[in-house]
Amino acid sequence: MTCNFFKVLVGRVTKLVKFREILEGREEEPDEGRHYHNGISPSERYARYVELVNETPGMTVPYDVNFRKDMKRFESQLSSGKFFANNNKTGERGIFVKQFGLRGWQGLNLYQRRRHSPKDCVGCSNIHDYVDVMSKKLDESQPKVSEGVALVEELFTAVKLSGFD
Ligand SMILES: [Zn+2]
């Protein structure tokens, strides 16, 4: 499957108005549209993507027609609720975008990040990797174990049912 981080980093994170501030932790990552800017050129967005994956050679892609196509495709798919579980009626798209956005990516350690690659992603096809992704968040809030398992299952359902690849 196509990597979920690849989809969100390319389709959304690279068009953040405050990309630099958020990358450096000076601003929170937003979850709604007005924080994204359509006027950022494709080559600038590619430069941003390269910066995001500079420690993970397996996530590198060339700046070519495929990258520009993916960028447009992910962007429109992430703008629509219909590609997500339950037609996004209970916020599945938000869960997805937040989990696989900039903070989600930064929250992984290097070993975890290196399990991801744009196509046929090992990290995204393995539920144990989702548990890892969630565990950082769980540590912070310390919920009961049963709540943690429910959260992971909810996320996994949202991701598995996102209908684009
Ligand atoms: Zn992945």
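In case you missed it, the structure is sitting above this.
What counts as what
Residues numbered from 1 in each chain as written. Predicted model: local features only at pLDDT ≥ 70, side-chain atom pairs only at ≥ 80, totals over all residues. Helix = DSSP H or I, 4+ residues; strand = E, 2+ residues; numbered from the N terminus. Buried ≥ 20, exposed ≤ 12 C-beta atoms within 10 Å, placed from the backbone. Contact = placed C-beta atoms within 7 Å. Axes fitted to C-alpha atoms, helices over the stretch in contact; angles between N-to-C directions. Parallel < 35°, antiparallel > 145°, perpendicular 65-115°, else oblique. Nonpolar A, V, L, I, M, F, W, Y, C, P; charged D, E, K, R; others polar. Core = buried A, V, L, I, M, F, W, Y, C linked by C-beta atoms within 7 Å.

Student: Could you clarify how one ought to interpret the overall build of the protein in this entry?
Tutor: Within the protein, the secondary structure is distributed over nine helices and zero strands. Along the protein, helices (α) and strands (β) appear in the sequence α-α-α-α-α-α-α-α-α when read from the amino end. A buried classification covers 28% of the 165 residues belonging to the protein. A sequence separation of at least 24 residues applies to 69% of the contacts in the protein between residues at least 6 apart.

Student: Looking at this structure, how should I read the environment of Val53?
Tutor: On the secondary structure map, Val53 appears in the loop between helix H3 (42-52) and helix H4 (65-78). A tally of 20 C-beta atoms within 10 Å means that Val53 is categorised as buried. C-alpha separation for the pair Val53 and Leu9, spaced 44 residues apart in sequence, amounts to 9.6 Å.

Student: What is the right way to look at the packing of helix H1 (residues 4-11) against H4 in this model?
Tutor: Between two packed helices, both the angle of their axes relative to each other and the distance between the axes serve to describe the pair. For the pair H1 and H4, the least separation of the axes is 8 Å and the interaxial angle reads 95 degrees. As summarised for this structure, H1 and H4 are arranged roughly perpendicular, according to the angle between their axes. In this structure, H1 uses Lys7, Val8, Val10 and Gly11 to contact H4, whose residues at the interface are Asp70, Met71, Phe74, Glu75 and Leu78. Of the residues contributing to the contact of H1 with H4, the split by class is five nonpolar, one polar and three charged.

Student: Can you help me understand the nonpolar core in this one?
Tutor: A general feature of soluble globular proteins is that nonpolar side chains tend to end up buried together. Counting residues in hydrophobic clusters, the biggest one holds 25 residues, and the most contacted among them are Phe5, Phe6, Val8, Leu9, Val13 and Leu52. Counting only elements with at least two residues in this core, the list comes to H1, helix H2 (19-23), H3, H4, helix H5 (92-99) and helix H6 (102-106). Residue contributions to this core peak at five residues, all from H1. Sequence-distant contacts of Val8, that is, excluding residues within four places in its chain, are made with Val13, Leu78, Val97, Phe100 and Gly101.

Student: Would you mind going over H5 with me for this structure?
Tutor: Structurally, the α-helix is built with 3.6 residues per turn, so residues lying three or four positions apart point the same way. Burial analysis of H5 places six of its eight residues in the buried class, the great majority of the element. Among all positions in H5, only Glu92, Arg93, Ile95, Phe96, Val97 and Gln99 are buried.

Student: Would you mind showing me how to read the environment of Lys7 here?
Tutor: Along the chain, Lys7 turns up in helix H1. Sequence-wise, Lys7 and Met71 are 64 residues apart; in three dimensions their C-alpha atoms are separated by 8.0 Å. In contact with Lys7, not counting residues within four places along its chain, are Thr2, Phe74, Leu78 and Phe100.

Student: Even after reading the chapter, I still don't get unusual backbone geometry, so can you show me in this structure?
Tutor: Leave glycine aside and you will find that most residues have negative phi; peptide bonds, for their part, are mostly trans. A positive phi is found at Asn88, a non-glycine position, where the angle reads about 70 degrees. The topology assignment puts Asn88 in the loop between H4 and H5. Residue classification places Asn88 among the partly exposed residues on the basis of 18 C-beta atoms within 10 Å.

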